[in-house]
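Chain residues, written in single-letter form:
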Amino acid sequence: MAKKERYYVVWQGHRPGIYTSWEQCSAQVKGVAGAQFKAFDTLSEAQAALRVPYSSVVAQGSKALGGLQRAAAPAALYIDDSGMTAVRPGLEKPPVLDALAVDAACSGNPGVMEYQGVYIPTRTRVFHYKSPVGTNNIGEFLALVHGLSYLKKHGLKQILYTDSANAMSWVRQGVCKSKLPLSDATAPLWDFVHRAENWLKTNTYTTEIRKWDTDRWGEIPADFGRK
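Residues numbered from 1 in each chain as written. Predicted model: local features only at pLDDT ≥ 70, side-chain atom pairs only at ≥ 80, totals over all residues. Heavy atoms only, no water.

## What to know about the overall build of the chain
Of the regular secondary structure elements, the chain holds seven helices and 10 strands. Of all 227 residues assigned to the chain, the portion counted as buried reaches 45%. A fraction of 58% describes how many contacts in the chain between residues 6 or more apart in sequence connect residues 24 or more apart. Total accessible area computed for the chain in this model is approximately 11,700 Å², and 51% of it derives from carbon and sulfur atoms. (Helix = DSSP H or I, 4+ residues; strand = E, 2+ residues; numbered from the N terminus. Buried < 20%, exposed > 50% of the residue type's maximum accessible area, 1.4 Å probe, protein only. Contact = heavy atoms within 4.5 Å. Areas by Shrake-Rupley, 256 points an atom, 1.4 Å probe, with all protein chains shown as cover.)

Put into structure tokens, the structure is as follows:
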């Protein structure tokens, strides 16, 4: 008899997301303190579970999922048997996988800020920047400009994903509208911001920037996993 397929949700692990085998799931949680994961019988349950806190699923079981299974939640990323990021066939409106994703994280606001760009199919980091002080909004803006610059420099025609509508707006306007005060501590970051703004003013690009649909696809692949 064929082995029943199960879906494994990882909330806290090396790469949060949905996986289709215990081996894949185990690789994501092994060695992670406080790892959070659980198996589900159907993809819809797994997708719904990924959208609520692990603690709620443990405490309430299927009740925690409420109407999320009935809500449209078509696509979720998982790691297939070859180790590549994929989207289960048959799910509508999946993200384009041959693309670059960017995201930022900040410990405090302001606080230590960093951002990164990740090639989605292999989850390979292609660039990274860290500042001793900054804000998440600044990080999202810089990540998007860095992504545009990277793709243009290397002649790549890939789509660029961000989960920040604010960053998309600032890039369209060509200016970072952060209210972070200028000080000795923030001066190096502001210098970097002004260089990014100047790049937008002096360069044209054909890259398509798209908003990552977190509700449908889970966390953006460039996420730092600190939630």
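## Concerning the packing of helix H4 (residues 136-153) against helix H6 (residues 187-202)
Two elements in contact, H4 and H6, have axes whose closest approach is 10 Å; the angle formed by their N-to-C orientations is 45°. Our classification of the angle between H4 and H6 gives oblique. Crossing hand, H4 versus H6: left-handed. Here Ile-138, Phe-141, Leu-142, Val-145, Leu-148, Ser-149 and Lys-152 of H4 come into contact with H6, specifically with Leu-189, Phe-192, Val-193, Ala-196, Glu-197, Trp-199 and Leu-200. Taken together, the residues that form the contact of H4 with H6 break down as 11 nonpolar, one polar and two charged. (Axes fitted to C-alpha atoms, helices over the stretch in contact; angles between N-to-C directions. Parallel < 35°, antiparallel > 145°, perpendicular 65-115°, else oblique. Left-handed = near helix turned anticlockwise from the far one by under 90°. Nonpolar A, V, L, I, M, F, W, Y, C, P; charged D, E, K, R; others polar.)

## Observations concerning the pattern of salt bridges
In the structure shown here, the tally under the stated rule is two salt bridges. In this structure, Asp-41 engages Arg-6 in a salt bridge whose closest nitrogen and oxygen atoms are separated by 3.3 Å. Taken together, the positions of Asp-41 in the loop between strand S3 (36-40) and helix H2 (43-50) and Arg-6 in the segment before strand S1 (7-12) put the pair 35 residues apart, joining distant regions of the chain. Measuring nitrogen to oxygen at the nearest pair gives 2.8 Å for the salt bridge that ties Arg-210 to Glu-208. With relative accessibility at 30%, the residue Arg-210 sits in the partly exposed group. (Salt bridge = Lys/Arg side-chain N within 4 Å of Asp/Glu carboxyl O.)

## Looking at the environment of Thr-135
Within the secondary structure, Thr-135 sits in the loop between strand S8 (124-134) and H4. Separated by 21 residues in the primary sequence, Thr-135 and Glu-114 place their C-alpha atoms 9.0 Å from one another. Excluding residues that lie within four positions of it along the chain, Thr-135 makes contacts with Cys-106, Asn-109, Pro-110, Met-113, Ser-178 and Leu-180.

## Section: the sheet that holds S3
Sheet strands line up and pair through hydrogen bonds in the backbone, either parallel or antiparallel. With antiparallel pairing, three strands are arranged side by side in an open sheet as S2-S1-S3. This sheet does not close on itself; its edge strands, each paired only once, are strand S2 (17-19) and S3. For this sheet, the mean inter-axis angle between neighbouring strands, taken without regard to orientation, is 25°. Direction of pairing for S1 relative to S2: antiparallel, over a ladder of three bridges. (Pairing = 2+ DSSP bridges.)

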